[in-house]
Amino acid sequence: MIESIRKLSRNQFFKNYVSIFSVDVLVKGSGIILLPVYLHLMTQEEYGLYGYLIAIISTFSLVFNLGIYTAQSKLYHEYESLKRRSALYTINVVLLVFIAALVLLVLIFNVDYPVIRFLFRNPIDYKAYRIPILLGVVVSVYSVLLVNYFLTSENIRKLQFFNVARIILVNGIVIAILYANTTSDNALARIKYSFVLEFLIIAVFSVFYIRSMTFRFDNSIAIK
């Protein structure tokens, strides 16, 4: 029995699983641990609105990532080193073009206003929330893509640092902002600063992602 445990503890797959699972527990657990703090700093209405907006952002980000993270996982292991680097770049260009076109469509034709009116029974000041919500969708899409890259390339340590940075920096700074914010909408403040901070963290960790790319667009990969 002891020998089996020792063999299991030396298994690299098992080590990676434990590393990912432990950080995932920390990520999920932080929401429960910090719940009393946020409920103290926000009214129930503000907390409920924030949670509803996050649910909407998460749903739209899952749709608008085009399943690119799945293609990334498949093509990463399908191609050799040089082709793989080109595939990562091509995937990101395709996604960037789509996201940019989507945001421009929303901003120019205001197609998001009827959606919000449909989703919310009671009216909200959507004009104030609009940019943070759009930022949230974009950040969520790229967060999933970056996490998928770290998992696919087995950069478990970088994934751990990325998740821990999000937990500590985002929550720590946002809590400080909410503590100092005594007049304005705390739901708006939380959603705005959370995604701005997460965007900055993604930008920092994307350096490792960009280094793995060759800046050559491959039409055959894009079509595939």
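Residues numbered from 1 in each chain as written. Predicted model: local features only at pLDDT ≥ 70, side-chain atom pairs only at ≥ 80, totals over all residues. Heavy atoms only, no water.

Engineer: If you had to explain the nonpolar core to someone new, which residues and values would you point to?
Structural biologist: Core analysis: the largest hydrophobic core is formed by 52 residues, its most contacted members being Y129, F162 and I191. If you list the elements that add at least two residues to this core, you get helix 3 (35-41), helix 4 (44-64), helix 5 (68-78), helix 6 (81-109), helix 8 (126-152), helix 9 (156-180) and helix 10 (186-211). For this core, the leading source of residues is helix 8, giving twelve residues. Contacts of I191, omitting those with residues within four sequence positions, involve Y50, L53, I54, I57, Y129 and P132. (Core = buried A, V, L, I, M, F, W, Y, C linked by side-chain atoms within 4.5 Å. Buried < 20%, exposed > 50% of the residue type's maximum accessible area, 1.4 Å probe, protein only. Helix = DSSP H or I, 4+ residues; strand = E, 2+ residues; numbered from the N terminus. Contact = heavy atoms within 4.5 Å.)

Engineer: Lay out unusual backbone geometry in plain terms, naming residues and giving numbers.
Structural biologist: In this model, N110 sits at a positive phi of 55 degrees, which is unusual for a non-glycine residue. Turning to its location among the elements, N110 is positioned in the loop between helix 6 and helix 7 (112-119). Within the chain, E154 stands out as a residue other than glycine whose phi angle is a positive 60 degrees. Within the secondary structure, E154 sits in the loop between helix 8 and helix 9. Given a relative accessible area of 56%, E154 falls into the exposed group.

Engineer: Please provide a residue-by-residue account of the packing of helix 5 against helix 6, values included.
Structural biologist: Put simply, helix 5 and helix 6 touch, their axes get as near as 10 Å, and they point 170 degrees apart. Taken together, the axis directions place helix 5 and helix 6 in an arrangement best described as roughly antiparallel. Where helix 5 abuts helix 6, its residues I68, A71, Q72, L75 and Y76 lie against R84, L88, I91 and L95. The residue makeup of the contact of helix 5 with helix 6, split by class, is seven nonpolar, one polar and one charged. (Axes fitted to C-alpha atoms, helices over the stretch in contact; angles between N-to-C directions. Parallel < 35°, antiparallel > 145°, perpendicular 65-115°, else oblique. Nonpolar A, V, L, I, M, F, W, Y, C, P; charged D, E, K, R; others polar.)

Engineer: So, the environment of G67: which residues are in play, and what are the values?
Structural biologist: Counting through the fold element by element, G67 comes out in the loop between helix 4 and helix 5. The partly exposed category is assigned to G67, whose relative accessible area is 28%.

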